[in-house]
Amino acid sequence: MATGQPPNAMNQPAGKKIPFELLLRVIIPQLDKERAMQLRGLYVQLRSNKFNKEEFFRHLRSLVGDHMLKMAVYKLRQWQRTAKPSVDNNAQKQRLLEQQSDSHVVQVSHNSSSASGINAKTPPKKPTVRQKKPLEASVSSLSKKQRVSGVFSDQSSIGQLNDATAVSHSKMEVQDLAYEKMSSLPPNIIQTILTLMPMRDAFRTSILSNNWQNQCLNIPKLMFDDEVFQGSTCKNLSIRFKLLYIVYPILLLHQGPLLELSLCISQLISCCEIDQIILHLSKSATLKKFTLCIKSGDDHKLLPAFFNLQQLTVLKLQNCVFQPPVTFKGFSRLVSLCFNNVSLTTKVLLQFIYNCPQLKDFTLTGNEKHLTGCWNSDIAECLPLVERLCMSCYPAKCFATGVMLMPQKLPTSLVHLKCLCLTGLSFARETDLLSALLLVTSPPNIDTIVLEMQYNPNEAMSQTAMNLIDRQDYSYVVLAHLRVITITNFTNMKTGLDFVKLVLAKSPMLKIVDIVIDKRVDIHSEVKMLKELKKTAASPSAVYPI
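Quick notes on the rules
Residues numbered from 1 in each chain as written. Predicted model: local features only at pLDDT ≥ 70, side-chain atom pairs only at ≥ 80, totals over all residues. Heavy atoms only, no water. Helix = DSSP H or I, 4+ residues; strand = E, 2+ residues; numbered from the N terminus. Buried < 20%, exposed > 50% of the residue type's maximum accessible area, 1.4 Å probe, protein only. Contact = heavy atoms within 4.5 Å. Areas by Shrake-Rupley, 256 points an atom, 1.4 Å probe, with all protein chains shown as cover. Phe/Tyr/Trp six-rings, centres within 6.5 Å; stacked < 30°, edge-to-face > 60°. pLDDT = per-residue confidence, 0-100. Pairing = 2+ DSSP bridges. Salt bridge = Lys/Arg side-chain N within 4 Å of Asp/Glu carboxyl O. Core = buried A, V, L, I, M, F, W, Y, C linked by side-chain atoms within 4.5 Å. Axes fitted to C-alpha atoms, helices over the stretch in contact; angles between N-to-C directions. Parallel < 35°, antiparallel > 145°, perpendicular 65-115°, else oblique. Nonpolar A, V, L, I, M, F, W, Y, C, P; charged D, E, K, R; others polar. Left-handed = near helix turned anticlockwise from the far one by under 90°.

Comments concerning the overall build of the protein chain
Thinking step 1. Tallying secondary structure elements over the protein chain gives 18 helices and 15 strands in all.
Thinking step 2. For the protein chain, the residues scored as buried account for 39% of the 546 residues in total.
Thinking step 3. Contacts spanning at least 24 positions in sequence make up 73% of the contacts within the protein chain whose residues lie at least 6 apart.
Thinking step 4. Accessible surface, the protein chain as shown: approximately 29,900 Å² in total, 55% of it carbon and sulfur.

Some details on the packing of aromatic side chains
Thinking step 1. Per the stated rule, a full pass over the model turns up 14 aromatic pairs.
Thinking step 2. Seen in terms of ring centroids, Phe241 and Tyr245 are 4.6 Å apart; in terms of plane orientation they differ by 35°. Their pairing is tilted. Of the two residues, Phe241 and Tyr245 both sit in helix α10 (residues 239-253), four residues apart, roughly one turn of that helix.
Thinking step 3. Their ring planes at 55° and their centres at 5.2 Å tell us that Phe322 and Phe339 sit as a pair that is tilted. Residue Phe322 is located in the loop between β6 (320-321) and β7 (336-340), and its partner Phe339 is located in strand β7; the two are separated by 17 residues in the primary sequence.
Thinking step 4. With a relative accessible area of 1%, Phe322 lands in the buried category.
Thinking step 5. Of the aromatic side chains, those joined through ring pairs into one cluster are Phe290, Phe306, Phe307, Phe322, Phe328, Phe331, Phe339 and Phe352.

Focus: the confidence of the model for the protein chain
Thinking step 1. Averaged over all residues, the pLDDT of the protein chain is 77; the fraction at 70 or higher stands at 75%.
Thinking step 2. Below pLDDT 50 for its whole length, residues 1-15 participates in 28 contacts with residues either more than four positions away or in separate chains.
Thinking step 3. Overall, residues 100-158 carries pLDDT values under 50, and its contacts beyond four positions in sequence, including any with other chains, amount to 50 contacts.

Structural notes on the pairing of strand β9 (residues 361-365)
Thinking step 1. Across the five residues of β9, four count as buried, placing the element largely inside the fold.
Thinking step 2. Inspection of the sheet shows β7 paired to β9 by five bridges, in the parallel sense. Opposite Ser336, over in β9, you have Asp361 as the bridge partner.
Thinking step 3. Judged from the four bridges that link them, β9 and strand β11 (residues 388-392) form a sheet pairing that is parallel. When the sheet's bridge partners are listed, Thr363 is paired in β11 with Cys390.

Quick notes on the pattern of salt bridges
Thinking step 1. This model, assessed by the stated rule, comprises seven salt bridges.
Thinking step 2. With a shortest N-O distance of 3.3 Å, Glu532 and Lys501 are connected by a salt bridge. Here Glu532 is found in helix α18 (residues 523-536), whereas its partner Lys501 is found in helix α17 (residues 494-505), with 31 residues between them in sequence.
Thinking step 3. Here Lys501 falls in the partly exposed class, since its relative accessible area comes to 23%.

Here we look at the nonpolar core
Thinking step 1. One finds Phe306, Phe339, Ile353, Phe362, Ile379 and Phe499 to be the most contacted residues of the largest nonpolar core, which totals 114 residues.
Thinking step 2. No other element matches helix α15 (residues 430-441), which puts seven residues into this core.
Thinking step 3. What Phe499 contacts, discounting residues up to four positions off in sequence, is Phe427, Leu433, Ala436, Leu437, Val440, Leu451 and Ile469.
Thinking step 4. In this structure, Ile27, Tyr43, Leu63 and Leu69 belong to the second largest nonpolar core, which totals 21 residues.

A look at the packing of helix α1 (residues 20-27) against helix α2 (residues 33-47)
Thinking step 1. Contact geometry for α1 and α2: axes closest at 12 Å, N-to-C directions at 175°. Relative to α2, the element α1 is oriented roughly antiparallel. The residues of α2 that touch α1, namely those facing Phe20, Glu21, Leu24 and Ile27, are Leu39, Tyr43 and Leu46.
Thinking step 2. A class-by-class count of the residues in the contact of α1 with α2 yields six nonpolar, no polar and one charged.

Some thoughts on unusual backbone geometry
Thinking step 1. Of note, the phi angle at Gln267 is positive, near 65°, even though the residue is not glycine.
Thinking step 2. Its place among the elements puts Gln267 in the loop between β2 (260-263) and α11 (272-284).
Thinking step 3. In this model, Asn489 sits at a positive phi of 55°, which is unusual for a non-glycine residue.

Examining the packing of α17 against α18
When two helices pack together, their arrangement is given by the angle between the helix axes and the distance between those axes.
Thinking step 1. Contact geometry for α17 and α18: axes closest at 8 Å, N-to-C directions at 35°. When you trace α17 past α18, the crossing you get is right-handed. Between α17, through Leu497, Val500, Lys501, Leu504 and Ala505, and α18, the contact on the second element is made entirely by Met529, Glu532, Leu533 and Thr536.

A short note on the pairing of β11
Successive residues of a regular strand alternate their side chains across the two faces of the sheet.
Thinking step 1. Across the five residues of β11, four count as buried, placing the element largely inside the fold.
Thinking step 2. Direction of pairing for β11 relative to strand β12 (residues 419-425): parallel, over a ladder of five bridges. Following the sheet pairing, Leu389 is matched in β12 by Leu420.

Here we look at the sheet that holds β7
Thinking step 1. Overall, parallel pairing links the eleven strands, which are arranged β1-β2-β3-β5-β7-β9-β11-β12-β13-β14-β15 in an open sheet. The open sheet has two edge strands with one neighbour each: β1 (221-224) and β15 (512-517). Mean inter-strand twist for the sheet, computed between neighbouring axes without regard to direction, equals 5°.
Thinking step 2. Pairing of β2 with strand β3 (residues 289-293) involves four bridges; the strand directions are parallel. Looking across to β3, one finds that Leu263 is bridged to Leu292.
Thinking step 3. This element, α15, spans β11, β12 and β13 (448-453) of the sheet and lies at about 175° to β12.

In structure tokens:
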């Protein structure tokens, strides 16, 4: 039968072998995009003699499954059986039409090998049990024009089939040529492409060829985040399972120098698998950028082996315990440092950043739970080259701790500082306001100021903070390089307004004043605040996207 599922199409005898190219034309349209790409890659490797036909068939069978493969073979063999009889029948019809000028009675059967003449006396044979019924009735009932057109329509169908086959063949040749070009790219170009791709997609390119597969083992940048584990097979795995059976094996198989590694997965907890990864990294010591973000649970204490990564230039830690050994002398190549809720003492921090002479980007956020010890303005002396400084309100208080009288400037002016970011400030507190004033007015080359305010309507404003700006003379302050100031959660609190007015009055080159008003401030207060701020601005060209 022509329809239905074959019992075993793979084992049926056939007079003619089926080419792989023809088999792929039937199978590929039934596959999804990923498996179709894998199959084309396997076919390219077969054509380039990377493996023999038996190996290709084994890969093909494992990729598409026995059922789909059997159905494809069955369809092609059915086509082989019906193609030749169809052509023979068309040739017979053509010969009959040429022999007969005015035919009267002609009987054509689907499986007949001869036809009767004009005055044939022998009636047409009835089909036996094993014979199929004639597809056409007597041709005598049709006109000559209809019979001729019927023949040519069959021939045109064959021509269309040949044309479609030729087009499909040309398309496959173009696709094969594209895959061959992709497979023969130089290693440095492949490395650049893989580095710019998301890591999940980068590892998928290993199916293209052996060249791409080898380069996937040499990716210098490994970023393990939630996007890497988006697949259905990884979605329900525990975080420790992911680290032990996915992340760690990838690091073991990695062949080239590893320059950047990031572990920033949601629900990442402190576990021994992280220590195992750090031990592996410390053996080669080629790492330049490292990110470890613990998302929940206890803080992770870094092993002594971590401090052997002397090639580090960028370090980002979150919810970790930073206790270096006594022999640790810092990271001499470190340029960027970010400590987010990292547990350490003041003494350890000052000694550490003092031994990082090239540090230019420093971020320190946390509270009294993580940052312990006596904080003071000595931290500024350890940051002589810093260009970007970001602090939360608690460590920023060190610049105002122990100050009895209002100083005019910091002991160290931070001449290289260009970008200042302060978070969690409340100008109702005197220490927060004083720290912000010192950090804003001391650096002579500051270019950008970002302030994230914390507004609590139930917090009482101290009298000292209310009159702090009014009691001081800021005639010496000139923010000649300030271009941008951004403030979020801003309110109509007097101390905050006085602070912004002072900055605007001392910034003649200011271009952008981006202030996000707290939603609890009514519209009339917003309009009044905007008018007051514009009156005191020294820069007439400043834009106020409030």
